[in-house]
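Structure at a glance
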Amino acid sequence: SSGINAEYGQMTGWLTYGSKKGSAEAMRAVLPSLHKTVDKLTPLVDADAMAFSNYLAAQRLPQQSADEVERREEALEEAVLTIVHVPLKIMEVAGECWEALDKLVTSHNTSLKADLQVAVRCLE
């Protein structure tokens, strides 16, 4: 859920842009950062899904011989490392949104308060 923060923040920014007096300048300062973060997160979400698929594939490897057991264990170990690494990277990248979300708190369209709160909660 870490990646959701950037998307909710970006949505709040775009829906605020021009709808609140004086918001355009503030949103022009915030939106590029959020957009950049979303662009970084998209391939990581795909990598997360692929890591889990690789783990499932490793679990299905044959275990008839000692060599097969060893290859399976190595594949499982590699898959587990990736399964752990990718979500950590997602959290690291999502954490880049704090400053932008902080700026949104003071300049967002108030009808989007709940959406902004979701963005912050997902980042906590």
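Being a predicted model, the structure only gives us computed values, none of them experimental. (Residues numbered from 1 in each chain as written. Predicted model: local features only at pLDDT ≥ 70, side-chain atom pairs only at ≥ 80, totals over all residues. Heavy atoms only, no water.)

1. Some thoughts on the overall build of the chain
If you tally the helices and strands in the chain, you get five helices and zero strands. Against the globule reference of 14 Å for 124 residues, the chain gives a C-alpha radius of gyration of 20 Å, more extended than a compact globule. Taking the principal axes of its C-alpha atoms as reference, the chain extends roughly 70 × 20 × 15 Å. When the 124 residues of the chain are sorted by exposure, 31% land in the buried category. Sequence separation of at least 24 residues holds for 73% of the intrachain contacts in the chain that already meet a minimum separation of 6. Accessible surface, the chain: about 7800 Å² in total, of which carbon and sulfur atoms supply 56%. Between the mean site of the 12 positive side-chain charges and the mean site of the 18 negative ones, the chain shows a separation of 13 Å. (Helix = DSSP H or I, 4+ residues; strand = E, 2+ residues; numbered from the N terminus. Rg over C-alpha atoms; globule rule 2.2 N^0.38 Å. Buried < 20%, exposed > 50% of the residue type's maximum accessible area, 1.4 Å probe, protein only. Contact = heavy atoms within 4.5 Å. Areas by Shrake-Rupley, 256 points an atom, 1.4 Å probe, with all protein chains shown as cover. Lys, Arg positive; Asp, Glu negative; His and termini not counted. Charge placed at Lys NZ, Arg CZ, Asp CG, Glu CD.)

2. Comments concerning helix 4 (residues 98–107)
Taken as a whole, helix 4 has its buried residues at Ala100, Leu101, Leu104 and Ser107. For helix 4, the angular spread of buried residues about the axis comes to 130°, placing them on one side. Among the exposed residues of helix 4, those pointing more than 90 degrees away from its buried face are Glu99, Asp102 and Thr106. (Arc of directions from axis to C-beta.)

3. Things to note about the nonpolar core
Membership of the largest hydrophobic core comes to 19 residues, with the highest contact counts inside it found for Leu34, Leu41, Cys97, Leu101 and Leu104. Looking at this core, the elements with two or more residues in it are helix 2 (23–59), helix 3 (66–94), helix 4 and helix 5 (113–123). (Core = buried A, V, L, I, M, F, W, Y, C linked by side-chain atoms within 4.5 Å.)

4. A look at the environment of Gly95
Summarising the element assignment, Gly95 is placed in the loop between helix 3 and helix 4. Through-space distance from the C-alpha of Gly95 to that of Leu123 is 6.7 Å; in sequence the pair is 28 residues apart.

5. Some words on the side chain of Arg72
The topology assignment puts Arg72 in helix 3. The buried charged residue Arg72 lacks any salt bridge, with Glu73 as its nearest oppositely charged partner at 6.3 Å. Sequence-distant contacts of Arg72, defined by excluding residues within four places in its chain, comprise Ala58, Gln59, Leu61, Pro62 and Gln63. (Salt bridge = Lys/Arg side-chain N within 4 Å of Asp/Glu carboxyl O.)

6. Here we look at the packing of helix 4 against helix 5
Following both chains from N to C, one finds helix 4 and helix 5 inclined at 150°, their axes separated by 11 Å at the closest point. As summarised for this structure, helix 4 and helix 5 are arranged roughly antiparallel, according to the angle between their axes. When you trace helix 4 past helix 5, the crossing you get is left-handed. When helix 4 is examined against helix 5, the residues Trp98, Leu101, Leu104 and Val105 are found in contact with a partner set consisting of Leu116, Ala119, Val120 and Leu123. When grouped by side-chain class, the residues that make up the contact of helix 4 with helix 5 number eight nonpolar, no polar and no charged. (Axes fitted to C-alpha atoms, helices over the stretch in contact; angles between N-to-C directions. Parallel < 35°, antiparallel > 145°, perpendicular 65-115°, else oblique. Left-handed = near helix turned anticlockwise from the far one by under 90°. Nonpolar A, V, L, I, M, F, W, Y, C, P; charged D, E, K, R; others polar.)

7. Points about the confidence of the model for the chain
Within the chain, residue pLDDT values average 84, and 93% of them lie at 70 or more. Highest mean pLDDT in the chain belongs to helix 3 (93); lowest belongs to helix 1 (residues 4–16) (73). (pLDDT = per-residue confidence, 0-100.)

8. Regarding helix 5
Listed as buried for helix 5 are Leu116, Ala119, Cys122 and Leu123. Buried residues along helix 5 cover an arc of 125° about the axis, so they all sit on one side.

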